[in-house]
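Reading the structure
The residues making up each chain are set out below.
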Amino acid sequence: MSRTVTIEPVTRIEGHARITLQLGDQGEVQDARFHLTQFRGFEKFCEGRPYREMPALTARTCGICPVSHVLASNKACDYLLSVTIPPTAEKLRRIINLAQITQSHALSFFHLSSPDLLLGWDSDPATRNIFGVMRQDPALARDGIRLRQIGQTIIETLGGKKIHPTWVVPGGVSEALTPEKREAMLKMLPEGLEIAKRTYAFFKTLVPKFKDEATNFGTQDTMFLSLVSPEGNLEHYDGFLRIKDAQGHIVEDMVPTWEYERLVGEAVEDFSYMKFPYYKPIGYPQGIYRVGPLARLNNANSCGTPYADVALAEFHMLQESGPIASSFHYHYARLVEIIYALEMMERLLKDPDILDTRVRARARSNRDEGIGVSEAPRGTLMHHYKIDDDGLVTWVNLIIATGHNNLAMNAAIRQVADAYVDGNNLQEGMLNRVEAVIRCYDPCLSCASHAFGEMPLLIELKDAKGRVVDRLSRG
Amino acid sequence: MTNPKTLIIGYGSPIRGDDAIGPLAADALDAGPLPAGVTVISRHILTAELTEDIAAADRVIFLDATVEGEPGEVRVRRLEPDATALSSMAHFLDPRELLAWVQTLYQREPAAYLISAAGQSFDYANYALSPTAATALDPMIARVRALIAEPLPT
């Protein structure tokens, strides 16, 4: 008798989602699907709005990574203006992006994933939460809070507010940096770097304990897509698109971001509101690729900062050769990127030009189409707008970082389900692992609402006629 | 004798109608004269990094909108740390949960209060209250002033 297992909602992620596992007669997994169950419609309701409103409108897509949308959107607007923004404005935008990556990665590691990593996949779900982490390792929990606070404070210092800052504008930024603000930010960074380094050192000691998960958590062959700098190094703000295959061969390199449509196609499936981006030259669904910290580190020749480069070298030692395949190592990559972000912010803030008051290029719209691409914490973020002669938006396409990983997430839950789920003997720990592989990607399924922690979990077994034959619930 | 350290946190979404009353009250308090030792913070949501600020305070006063009660009604209640008051959301916290974080991580338990105002409309707006909720703004501020004039509870 075939049955369906439904995990709904998936917990400790950003947004609402459901996982279904289709089981065969012997309780074996026949299919696994990740469903995005909420609908937003930003691409449609932005039509008709003045393009200068787009950064503020699209920032509302997310309460965790609004800075990422603000940056990609303003880059699309820069393109519409046909301006090159002042060098200092670019550096300031880079800093706020790195602060965003710091705080977002800290949330993912310390708050959302550490209960699994510290307390164990099979631990009591009643205590497998942030309070369990606090009791087990309060110093780690305090570090997580402080690291996130540093990232958020830098965003607030530059942007004027922590959530939805309006300081980044088409053509640059609205206000130059003052010496006082620079000093305040510089003062925090050494402490942040110390926290990041000791957390990284601690996590390295944990990694060997998770050999099983590293072997089974999304190790499928995929390509990797990310921005890289003109030198091929780690890049989060600008640069060019690079794609590596699973063996490490570069299949696309130094592709200008405005040519993204040549590389990326978007498929639609009837079981999810999230599209399925794929590498166009190979086609759907074979053109599966991953984005985000794992992809960025796999694609980068180097980070370009001292401690992060040491960590990058150690990252590559997680596997004998080739790009790091296991999605479990997204956690590792996130910690490397936090180190990088803190080092790079310090470097940028010490740049002699950082206090230059020329921070904004002014122009009217000079193109009818604009494309902005940047690296959000979770991966490559693409904003593409078309406008009419009055500057009103006529068409929008947003490819969100999490969307790029959709095919990979579906493949990963199938792999984890195959490895751990016994349909004849369902255990909460099995299903937690299925959720946990999704948490590796830190998906941001939009921020209309965010499910996490002790949300109710309902798993139902249904027979081929849809009748519930077994039920497991928590919460 | 030095004044107790009091932290006032007004929170709510500025673009969801009466939900903005917490930040608006906080901003109004911040603009006016305040006794020494009083700090005011305005936020969309309560987040984990507020724990350090709360841990450094002797008294914390949360200002929030609520759907409970008659629109315009202002209520004051003491809050205790409650680790079971887990928010169902990933990036914001219940004030009692936040107090439990402070208690667990910093072994601090400041006297805590929630002053809430019942809203009428939570539709899209920009720092704009419904006329009914707007009548709650001054009483809310008066309650804060009365509280911070009192000695700390023993």
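Relevant structure appears above.
Our subject in this report is the structure included herewith. Predicted model, so just to flag it, every value in this text is computed and none were measured.

**Some words on the pairing of strand 7 (residues 240–244) of chain A**
Residue and element names in this part refer to chain A. Counting buried residues along strand 7, 4 of its 5 residues qualify, which places the element largely inside the surrounding structure. For strand 7 and strand 8 (residues 250–255), the ladder comprises 3 bridges, and the chain directions are antiparallel. Looking across to strand 8, one finds that Ile243 is bridged to Glu252. Linking strand 7 to strand 8, which pair antiparallel, is a turn of 5 residues; within it Gly248 sits at a positive phi near 100 degrees.

**Focus: the packing of helix 7 (residues 179–206) of chain A against helix 11 (residues 306–316) of chain A**
Residues and elements named next belong to chain A. Running from N to C, helix 7 and helix 11 point in directions that differ by 15 degrees, and their axes come no closer than 12 Å. As far as their axial angle goes, helix 11 and helix 7 are roughly parallel. Of the two elements, helix 7 crosses helix 11, and the hand of that crossing is left-handed. Here Leu193, Lys197, Tyr200 and Lys204 of helix 7 lie close against helix 11, whose contacting residues are Tyr307, Ala311 and Glu314. Taken together, the residues of the contact of helix 7 with helix 11 break down into 4 nonpolar, no polar and 3 charged.

**Observations regarding helix 14 (residues 406–420) of chain A**
Residue and element names in this part refer to chain A. An ideal rise of 1.5 Å per residue puts 21 Å on 15 residues; helix 14 measures up with 21 Å between its terminal C-alpha atoms. A large share of helix 14 lies buried, amounting to 11 of its 15 residues. Every buried residue of helix 14 is accounted for by Asn406, Leu407, Ala408, Met409, Asn410, Ala412, Ile413, Gln415, Val416, Ala417 and Tyr420.

**Brief notes about unusual backbone geometry**
All names here are of chain A. That bond from Tyr284 to Pro285 is cis: its omega, 0 degrees, falls within 30 degrees of zero. Mapped onto the elements, Pro285 comes out in the loop between strand 10 (276–279) and strand 11 (289–290). Residues other than glycine seldom take positive phi values, yet Ser82 does so here, at roughly 60 degrees. Within the element layout of this structure, Ser82 appears in the loop between helix 3 (66–81) and helix 4 (87–119). Note on Ser82: relative accessible area 37%, which makes it partly exposed.

**Examining the side chain of Thr6(B)**
Residue and element names in this part refer to chain B. On the secondary structure map, Thr6 appears in strand 1 (residues 6–11). The class of Thr6 is buried, set by a relative accessible area of 3%. Among the polar contacts made by the side chain of Thr6, one reaches the side chain of Arg59 at a distance of 3.1 Å. Ignoring any residue separated from it by four or fewer positions in sequence, one finds Thr6 in contact with Gly37, Val38, Thr39, Arg59, Ile61 and Ile148.

**Observations regarding the sheet that holds strand 12 (residues 369–376) of chain A**
All names here are of chain A. Taken in spatial order, the 3 strands line up as 12-13-14 in an open sheet, and their pairing is antiparallel. Since the sheet does not close on itself, it has two edges, and those belong to strand 12 and strand 14 (393–399), each with one partner. Here the strands of the sheet are splayed against their neighbours by 10 degrees on average, with no regard to which way each runs. Sheet analysis places strand 12 next to strand 13 (residues 379–387), joined by 8 bridges and oriented antiparallel. The residue bridging Glu369 from the neighbouring strand is Lys386, located in strand 13. With respect to the sheet, helix 3 is in contact with strand 12 and strand 13, its orientation differing from that of strand 12 by roughly 150 degrees.

What counts as what
- Residues numbered from 1 in each chain as written.
- Chains lettered and ligands numbered in written order.
- Predicted model: local features only at pLDDT ≥ 70, side-chain atom pairs only at ≥ 80, totals over all residues.
- Heavy atoms only, no water.
- Buried < 20%, exposed > 50% of the residue type's maximum accessible area, 1.4 Å probe, protein only.
- Helix = DSSP H or I, 4+ residues; strand = E, 2+ residues; numbered from the N terminus.
- Pairing = 2+ DSSP bridges.
- Axes fitted to C-alpha atoms, helices over the stretch in contact; angles between N-to-C directions.
- Parallel < 35°, antiparallel > 145°, perpendicular 65-115°, else oblique.
- Left-handed = near helix turned anticlockwise from the far one by under 90°.
- Contact = heavy atoms within 4.5 Å.
- Nonpolar A, V, L, I, M, F, W, Y, C, P; charged D, E, K, R; others polar.
- Expected span 1.5 Å × (residues − 1).
- Polar contact = N/O pair within 3.5 Å; in protein donor to acceptor, adjacent residues only side chain to side chain.

That is the geometry; function is a separate question.
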